[in-house]
Amino acid sequence: MASETVVRRTEQWFVRQGAPTMIEGYGFRSHVLPRMLPALTFVAAGSLAWLVLQQSAGLSRWVLLGLIVAVMVSAWVLLSLFVRRMPNFSPRMTVLLLVVYAAIPIITPLVQSAIDIRFKAPDGDRETDSVWVALVWFVLVFGAAFVATMLATTYGLGSLLRAAIRHVIADLRNSVHLIGRALPPMLFVTLFLFFTGELWQAMDKLPWPRVSLIVLLFAAITVLAAAARLRDEIGRVEQDLRPEILSVACKGTPLAGVEITEALPPRRLNGRQSRNLLVMLAIRQLVQAAVIGLALFAFFVVLGLIVVTPEIAEQWIGSPAKPSKIPGLPSAMLRNATLFAAFGSMYFSVISMSDAEHRRQFFAPVIEKVERTLEVRAVYLNVRERAGA
C-alpha cells in the first residue's frame, strides 16, 4: 500500500515537472482528458459570456459578465482540485464529455439566433447566413481550443512555462554574468553586418509579418539543434543508472526514501516521451535565448541611435527612412535590431550545446533536469513493478 502511494505521488511529481508522459500507461482517457477538463470547461463557459455580451446592455451586462467570470474561475479551481486525484474516466464518461463539448459550439449560435432575430455575424448579410457563419466560427474556435489544450496537457506545457518563467527571473538576476559571457561572441559575429547599407534597404521595405517569420525560422533551427543534441544525451544518461546516481536524483521527490542497492537496467523511451523531453529542453533553450535576444536588441537600438543619424540612414536606404510608432526610431533600425537579436540568440543556443566552455556554463544545467527526470523514471518503474501496479 505504501509503495502504491509512492507511485501515485511520483506520478504527480512528473506532472509538476512538466514530464507527464513518464507515467507508465499514460493515455488520453486515463490522464490527458481528466486534466483537460478545467480548461475545456473554461472555454465552454466562455461561450455563455459571449451570449451575455450580445444580449445585455448597460450595468446589467457587466454584472452578469462578472458573475459568469466568477463561475468560470470557481469551476476551474474546483475541477483542478478534482483532477489532482487523477481520475480514470470510463469509456462511457469519455464519450459523454466529448459529445457535450462538441455540442456546445453548435448549440450556442443556434440559441443566439433563436433569442435575437437581429443577430448578424461580421460577414453575414442575412440571418440564415450569419447563423451558419457563426456556427462555423464557433466550431473552428472550439476545435482549435481542444487541440491546443490536448497538446499542452499531453506534454505538460503549463508546468514547463511556469518553470521557464522562474528561469527567466533567475537569468535576469544573473544577467550581468549571462550577458557578459554570451554577448561578446554574438557581437563578434553580427556587429559589422549591422552597418550594411543593402540590409538597411531591405529592412526598410520588409513588413513586420515577414520579420516575424524570420524570427520563427531562427527559433525552429534552435529547436532542431536541441533535438539533435537530445538524442545523444538520452543515450548517454540511460546507460548510467548506478545506485549512487539514482539516490541523488531521487532526493526531494516522493522516491527519496526508496532504498536502491543495485544498478537498474536502462528503460527505452517511446516517441511521446522523447518528444516530451525535447519540449522540455527546447523551451528552456528558447527562454535562455530570449534573454540574450533582448540584450542584443537593446544594444543594437542604442548603437543605432548613437551611430546612425537620419542623414546616414537616408544615404544607405536611398530615401528618407520610414518612421516607426516609437518617436525617433526608424522602422529599419528596429527591424535590423530584431533580425540580429534573433540571429544572435540562435547562434548562442547552438554554440552553448557544442562549445565545451559554453556547454558547461549554459547547457549543462538544462541537461541536468533531463537527466534527473530519466533517473527518477527508472526508480519509479522499479518501485511500480515491485508494487504490482
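If you're wondering where the values come from, they're calculated on a predicted model, not measured in any experiment. (Residues numbered from 1 in each chain as written. Predicted model: local features only at pLDDT ≥ 70, side-chain atom pairs only at ≥ 80, totals over all residues. Heavy atoms only, no water.)

Chemist: I keep staring at the side chain of Q273 and nothing clicks. Help me out?
Modeler: Relative to the assigned elements, Q273 resides in helix 11 (residues 271-307). Of note is the side chain of Q273, whose polar atom sits 3.0 Å from the backbone oxygen of T21. Residues contacting Q273, with those up to four places away along its chain left out, are T21, M22, R268 and R377. (Helix = DSSP H or I, 4+ residues; strand = E, 2+ residues; numbered from the N terminus. Polar contact = N/O pair within 3.5 Å; in protein donor to acceptor, adjacent residues only side chain to side chain. Contact = heavy atoms within 4.5 Å.)

Chemist: Where do I start with the nonpolar core in this structure?
Modeler: Note that soluble globular proteins tend to have their nonpolar side chains buried in a common cluster. Counting 50 residues, the largest nonpolar core has F14, L255, L277, V379 and Y380 as its most contacted members. Per element, the largest residue contribution to this core is 10 residues, and it comes from helix 14 (residues 356-387). Apart from the residues within four sequence positions on either side, V379 is in contact with L246, C250, L255, V258, I260 and L264. Formed by 29 residues, the second largest nonpolar core is a distinct cluster that contains V308, A332, M333 and L334. (Core = buried A, V, L, I, M, F, W, Y, C linked by side-chain atoms within 4.5 Å. Buried < 20%, exposed > 50% of the residue type's maximum accessible area, 1.4 Å probe, protein only.)

Chemist: Would you mind showing me how to read the packing of aromatic side chains here?
Modeler: Given two aromatic rings, one states the distance between the centres and the angle between the planes to describe the pair. Inspection of the entire model under this criterion finds 16 aromatic pairs. Seen in terms of ring centroids, F194 and F340 are 6.0 Å apart; in terms of plane orientation they differ by 65°. Their pairing is edge-to-face. Of this pair, F194 sits in the loop between helix 7 (175-190) and helix 8 (197-205) while F340 sits in helix 13 (residues 331-354), and the two are 146 residues apart along the sequence. Grouping aromatic residues by their ring pairs yields a cluster made of F194, F195, W200, F299, F300, W316 and F340. (Phe/Tyr/Trp six-rings, centres within 6.5 Å; stacked < 30°, edge-to-face > 60°.)

Chemist: What is the right way to read a nonpolar patch on the surface from this model?
Modeler: Taken together, the side chains of I106, I107, L110, V111 and V139 define a hydrophobic patch exposed on the protein surface, amounting to about 380 Å² of accessible area. No other element matches helix 4 (residues 91-115), which puts four residues into the nonpolar patch. (Patch = residues over 30% accessible without salt bridge, like charges linked within 9 Å, V, L, I, M, F, W, Y side chains within 5 Å. Areas by Shrake-Rupley, 256 points an atom, 1.4 Å probe, with all protein chains shown as cover. Salt bridge = Lys/Arg side-chain N within 4 Å of Asp/Glu carboxyl O.)

Chemist: Would you take a moment to explain the pattern of salt bridges for this structure?
Modeler: A side chain with one charge may pair with a side chain of the opposite charge, provided their charged atoms come close. The tally for this structure, following the rule as stated, stands at two salt bridges. In this structure, E244 engages R242 in a salt bridge whose closest nitrogen and oxygen atoms are separated by 3.8 Å. For R242, a relative accessible area of 41% puts it in the partly exposed group. In this structure, R267 and E385 form a salt bridge, with 2.8 Å as the shortest nitrogen-oxygen distance. Note that R267 is positioned in the loop between helix 10 (243-249) and helix 11 and E385 in helix 14, a separation of 118 residues in sequence. Accessibility expressed as a relative area gives 21% for R267, which makes it partly exposed.

Chemist: What is the right way to look at helix 13 in this model?
Modeler: It helps to recall that an α-helix has 3.6 residues per turn; residues three or four apart then point in one direction. An ideal rise of 1.5 Å per residue puts 34 Å on 24 residues; helix 13 measures up with 35 Å between its terminal C-alpha atoms. With 20 of 24 residues buried, helix 13 is to be regarded as a mostly interior element. (Expected span 1.5 Å × (residues − 1).)

Chemist: Mind showing me how you'd approach the environment of F300 here?
Modeler: Assignment of secondary structure puts F300 in helix 11. A C-alpha to C-alpha distance of 10.0 Å links F300 and T190, two positions 110 residues apart in sequence. Once you skip the residues sitting within four places of it in the chain, F300 turns out to touch L187, T190, L191, F194, A337 and F340.

Chemist: What am I meant to see in the environment of S349 here?
Modeler: Turning to its location among the elements, S349 is positioned in helix 13. Through-space distance from the C-alpha of S349 to that of A289 is 6.2 Å; in sequence the pair is 60 residues apart. Excluding residues that lie within four positions of it along the chain, S349 makes contacts with T222, Q285 and A289.

Chemist: I keep staring at the packing of helix 8 against helix 13 and nothing clicks. Help me out?
Modeler: Any two packed helices are characterised by how steeply their axes cross, that is the angle between the axes, and by the distance between the axes. Look at helix 8 against helix 13: their axes get within 8 Å of each other, and the N-to-C directions meet at 105°. Relative to helix 13, helix 8 is oriented roughly perpendicular. In contact with L199, W200, M203, D204 and K205 of helix 8, helix 13 contributes A332, M333, R335, N336, L339 and F340. Across the contact of helix 8 with helix 13, the residue classes break down as seven nonpolar, one polar and three charged. (Axes fitted to C-alpha atoms, helices over the stretch in contact; angles between N-to-C directions. Parallel < 35°, antiparallel > 145°, perpendicular 65-115°, else oblique. Nonpolar A, V, L, I, M, F, W, Y, C, P; charged D, E, K, R; others polar.)

Chemist: Would you mind showing me how to read the confidence of the model for the protein chain here?
Modeler: Interpretation of this model should avoid reading the predicted coordinates in detail wherever pLDDT is low. Confidence in the prediction of the protein chain, expressed as mean pLDDT, is 79, and 79% of residues score 70 or more. The least confident element of the protein chain is helix 3 (residues 58-83), whose mean pLDDT is 68; the most confident is helix 10, at 89. (pLDDT = per-residue confidence, 0-100.)

Chemist: It is not clear to me how the packing of helix 11 against helix 13 should be interpreted in this structure. Could you clarify?
Modeler: Closest axis-to-axis distance for the helix 11/helix 13 pair is 7 Å, and the angle between their directions is 140°. What the angle tells us is that helix 11 and helix 13 run oblique. In terms of crossing hand, the pair formed by helix 11 and helix 13 is right-handed. Every residue of helix 13 that contacts helix 11 at Q285, Q288, A289, I292, G293, L296, F297, F300, V301, G304 and L305 is listed here: M333, L334, A337, T338, F340, A341, G344, S345, F348, S349, S352 and M353. (Left-handed = near helix turned anticlockwise from the far one by under 90°.)

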